[in-house]
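# Geometric and topological summary
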Amino acid sequence: MKKNYVLDTNVLIHTPYALASFEDNRIILPLAVIEELDGIKKADGEKGRNARQAIRFLEQFRTEGNLTEGVRLPWGGELRIEINHIDVELPAGFNPESPDNRILKVCKGLMQKNEKVILVTKDMVVRIKAQIMGIPVEDFTTDQVPTATESYTGRQEVYAPEDLLADFRKDGLPSGELYTIDEKGNSVPVDSAENEFFIIHSDVEQKKTLLGRRVGDRIIPLRYERRNPFGVKPKNVGQKFIQEALLLPAAKIPLVIIKGPAGTAKTFYSLAVGLDKIVDDNGAEYRKILVCRPNAQFDEDIGFLPGSEKEKISPLMRPILDNLEILFGIQSMHKKSQTTEDIQTSINYLFDGGMIEAQAMNFMRGRSITGSWLIIDEAQNLTPRQVKGIITRVGEGTKVILVGDPAQIDNTLLDERSNGLSYAADRMKGSPLCAQITMFSEECERSELALDAGKRM
């Protein structure tokens, strides 16, 4: 039986191609949605682009029939713009002129005509209002990935036969030899993915552990475990895995995804390895470090801020500068004559010389990025479409590092399951060109307070 889905504006703003996500069911767009799209279409950034794309889809369907009567969609469904039900009574206190409430009036009006409708919205407040009015309501979940507890972490703790570990550092071991122990004490074969990392325990002596990464059908030892990029020494297993993923050449692993809570050195390590490649290796692999750090308001507001692009984005880059100061501070420990002013001079030299560049996210559009160490910080505030746009702009010799915490999202239209970072991690699982690692709260190295707060709060 076909269903009637009433779409809120935010569904089309989040995913312009949402019209193709309802199979052969009926899609109903209240007139308020069309008016909201019209008001948003000139906005800068992702929101404006998505509004314009949604309008283009509607224009295409308009030429094929009367939208107020209903137009057949190529995939078998039907699209209709609903202009009626303006006089439907709302609960006391509901503003009848509010676009959200006008959408709710359409839903209620259709229900009063004995039509079964489902409101689809990403707005939690609208879902609450819909429940008050007795309207069936759902979130738009097409782009959602598994929850944090179900999602791929890029790492496993496993066991392997003792006799195979003797030659591990030389030859590795077959991935089929790994196993875990279930609740009943039985051995369970390990299901692993390409480039997944492993803590391998001996099945005879559990304290004997080795670290490895799956390549093809074998688990190979870490290649860069003993490196200290830009003077930074890994403090836990997670950081060793991050270091391995980052130091592997872009020709082999051009994409690295690092997820995890605050204080686990995600951005810090990404910058450390980038500086090691640019400064200590004299740019042998990469020409520059390119840093982007989006937030929920960035794409919309940057065009209206005074000053140059550098001046506009400098407040957002403060966390990056903080990490650079710490990294150069570590370097200065080996050069006792260096002062705070010397550290700042070194950082300014990198920016002024173009070795580090801060880039606005909305200026990435249309670029082809080659020979760069590209860090996308706070990537959980990107949409799936933005992440795809970034990754597909990567040219030869560029390494992309997506960094963020899916539990700390500022974009009101995204959540832990629909943000671009989680989307990329889910879609790129098992790719031979991508390595990813999820850091755990107990691996926080910022301070004892940060570690304790991360566990408690």
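Quantities reported herein were computed from a predicted structural model and do not represent experimental measurements. (Residues numbered from 1 in each chain as written. Predicted model: local features only at pLDDT ≥ 70, side-chain atom pairs only at ≥ 80, totals over all residues. Heavy atoms only, no water.)

So, about the overall build of the chain. Scanning the chain from terminus to terminus reveals 16 helices and 19 strands. Contacts in the chain between residues far apart in sequence, at least 24 positions, make up 67% of those at least 6 positions apart. Of the roughly 22200 Å² that the chain leaves accessible, carbon and sulfur atoms contribute 50%. (Helix = DSSP H or I, 4+ residues; strand = E, 2+ residues; numbered from the N terminus. Contact = heavy atoms within 4.5 Å. Areas by Shrake-Rupley, 256 points an atom, 1.4 Å probe, with all protein chains shown as cover.)

Moving on, we get to the confidence of the model for the chain. Summing up the model confidence of the chain, the mean pLDDT is 88 and the portion of residues at 70 or higher is 90%. Within the model, pLDDT remains below 50 along residues 296-305, and this stretch shows 22 contacts once partners closer than five positions in the same chain are excluded. (pLDDT = per-residue confidence, 0-100.)

On to the sheet that holds strand β2 (residues 26-30). Taken in spatial order, the six strands line up as β3-β4-β2-β1-β5-β6 in an open sheet, and their pairing is mixed. Unpaired on one side and paired on the other, β3 (71-72) and β6 (137-138) mark the two borders of the sheet. Alignment of strand β5 (residues 117-120) against β6, held across two bridges, turns out to be parallel. Paired with Leu-119 across the strands is Val-137, a residue of β6. (Pairing = 2+ DSSP bridges.)

Turning our eyes to something else, we now look at the packing of aromatic side chains. This structure, assessed with the given rule, holds six aromatic pairs. With a centroid separation of 5.9 Å and an interplanar angle of 25°, the aromatic rings of Tyr-159 and Tyr-179 are classed as stacked. A residue pair is termed long-range when its members are at least 10 positions apart, and Tyr-159 in strand β7 (residues 155-160) and Tyr-179 in strand β9 (residues 179-181) qualify at 20 residues. Of the two residues, Tyr-159 and Tyr-179, neither departs from the other in class, the shared state being buried. On the basis of an interplanar angle of 20° and a centroid distance of 4.8 Å, the ring pair of Phe-197 and Phe-241 is categorised as stacked. Of this pair, Phe-197 sits in strand β11 (residues 197-202) while Phe-241 is found in helix α8 (residues 237-247), placing the two residues 44 residues apart along the sequence. On the basis of relative accessible area, Phe-197 is assigned to the buried category, the value being 0%. The structure contains a cluster of three or more aromatic residues connected by ring pairs, namely Tyr-5, Phe-22 and Phe-140. In this structure, Lys-129 is placed above the aromatic ring of Phe-94, and the distance from its NZ or CZ to the ring centre is 5.5 Å. (Phe/Tyr/Trp six-rings, centres within 6.5 Å; stacked < 30°, edge-to-face > 60°. Buried < 20%, exposed > 50% of the residue type's maximum accessible area, 1.4 Å probe, protein only. Lys NZ or Arg CZ within 6 Å of the ring centre and 35° of its normal.)

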